[in-house]
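Examining the three-dimensional arrangement
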Amino acid sequence: MNECCAVADLRQYTLHPGQRDTLIELFDTYFVDGQEATGMHIAGQFRDLDDPDRFVWIRGFRDLPARADALNAFYYGPVWRAHSAAANATMVDSDNALLLKPVRLGPSYPALDAPRSGDTDAVIAGAVHHRGAADDGFVEYFEDHVVPVLTATGAEPVAVFESLVAENNFPQLPLRDEVVLAWFARFPGIAAYDEHRRQLAASRVWQQQVLPELVCRSTKPMQELRLSPTARSQFR
């Protein structure tokens, strides 16, 4: 297991129109290094390709106590103090956040020392599935039946997370109270993603067996994600 992220936050921010690039400039310039200096791992930050006013990012922690220590150090520290007003001015809502733990992380999931430059044409795509309970068998079904179809159609998951059912140990940042499974795959560009979607739509196993079963096992429709890495995202 990647030692950086036995615990992870998946955060999705709704921003005021036209403010996403302003937040990304602040984030990539100040908040990546500022947070990592306190012990976090900023694995990826993204523009949502289907919503111009959404910013999505993933950060990891060694464990739950390390999460509390790092968040306290950052949000009561000098970097956030200097730039919080400008960042908060871009946001309509920053409470869409999930506390997760890895089911598995593939070898291409960014390590702590992964570079923060390179191909920005990549597409990081995946989904958040909403579940009824932590012991519902969803993870096993996903690994046994969903992953093979995704892999066969060009979308082998780089990372699979599920909810970490635990008390929020930094309540100043609210978390959504629900159980999910979230997965992410990497595509070299939008054409490769579109080809995956074409193959998935043509797959009888997906359309007639897997997708209906996912719907039955979910408490509400899945959220599909199609993301573009920022200039300093490691996950790209």
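**Quick notes on the overall build of the chain**
Within the chain, the secondary structure is distributed over six helices and eight strands. Relative to the 2.2 N^0.38 estimate, which gives 18 Å for 236 residues, the radius of gyration of the chain is 17 Å and therefore close to what a compact globule would have. Its C-alpha atoms give the chain principal-axis dimensions of roughly 55 × 35 × 35 Å. In the chain, the share of contacts with a sequence separation of at least 24, taken over all contacts with a separation of at least 6, comes to 83%. Side-chain charges in the chain split into 22 positive and 32 negative, and the spacing between the mean points of these groups amounts to 2 Å.

**Some details on the side chain of His130**
Here His130 shows up in strand β5 (residues 123-131). Taking relative accessible area as the criterion, His130 reaches 5% and is therefore assigned buried. Looking at His130, its side chain comes within polar contact range of the side chain of Glu178, at 2.7 Å.

**Observations regarding the nonpolar core**
Formed by 25 residues in total, the largest nonpolar core has its most connected members in Phe55 and Tyr75. Elements with a minimum of two residues in this core: β1 (7-15), α1 (20-36), β3 (54-61), α2 (64-75), α3 (78-88) and β4 (91-105). Broken down by element, this core gets its largest block of residues, six residues, from α1. Leu10, Val158, Ala182 and Phe184 belong to the second-largest nonpolar core, a separate cluster that totals 23 residues.

**What about the packing of aromatic side chains?**
In this structure the tally under the stated criterion is 19 aromatic pairs. Between Tyr13 and Phe55, the aromatic rings sit 6.3 Å apart at their centres with planes inclined by 55°, giving tilted as the arrangement. In this pair, Tyr13 is assigned in strand β1 and Phe55 in strand β3, connecting sequence segments 42 residues apart. According to the relative accessible area criterion, Phe55 is buried, its value standing at 1%. When the ring of Tyr75 is compared with that of Trp80, the centres are 5.2 Å apart and the planes differ by 75°; the resulting orientation is edge-to-face. Of the two residues, Tyr75 and Trp80, neither departs from the other in class, the shared state being buried. Taken together through their ring pairs, the aromatic side chains of Tyr13, Phe27, Phe31, Phe55, Trp57, Phe74, Tyr75, Tyr76, Trp80 and Phe170 make up a single cluster. Across the ring face of Phe61, the terminal group of Arg67 is positioned such that the distance to the ring centre comes to 5.9 Å.

What counts and what doesn't
- Numbering of residues begins from 1 in every chain and follows the order in which that chain's sequence is written.
- Whole-chain, interface and lining totals are the exception, using all residues; otherwise, since this is a predicted model, local features are given only for residues with pLDDT of at least 70 and side-chain atom pairs are given and counted only at 80 or more.
- Remark: hydrogens and water are excluded; side-chain values derive from all non-hydrogen atoms of the structure.
- Put simply, DSSP marks the helices as runs of H or I at least four residues long and the strands as runs of E at least two long, and each gets a number from the N terminus on.
- When we talk radius of gyration, it's over C-alpha atoms, and the globule rule is simply 2.2 Å times the number of residues to the 0.38.
- Should any heavy atoms of two residues lie within 4.5 Å, those residues are considered in contact.
- Only four residue types enter the tally: Lys and Arg on the positive side, Asp and Glu on the negative side, with His and both chain ends excluded.
- By convention, charge coordinates are those of NZ in Lys, CZ in Arg, CG in Asp, or CD in Glu.
- Residue burial is assigned from relative accessible area. The probe radius is 1.4 Å, only protein chains are included, and a residue is buried under 20% of its type maximum, exposed over 50%, and partly exposed in between.
- Whenever a nitrogen or oxygen atom comes within 3.5 Å of another N or O atom, the pair is scored as a polar contact, on the condition that within protein one atom can donate a hydrogen and the other can accept it, and that pairs from neighbouring residues in sequence are kept only if both atoms are in side chains.
- The set of buried Ala, Val, Leu, Ile, Met, Phe, Trp, Tyr and Cys residues whose side-chain atoms join them within 4.5 Å is what this entry labels a nonpolar core.
- Pairing of aromatic side chains requires ring centres within 6.5 Å, counting the rings of Phe and Tyr and the six-membered ring of Trp. Pairs whose planes differ by under 30 degrees are stacked, by over 60 edge-to-face, and all others tilted.
- By the criterion adopted, a ring carries a charge over it if an Arg CZ or a Lys NZ lies within 6 Å of its centre and within 35 degrees of its normal.

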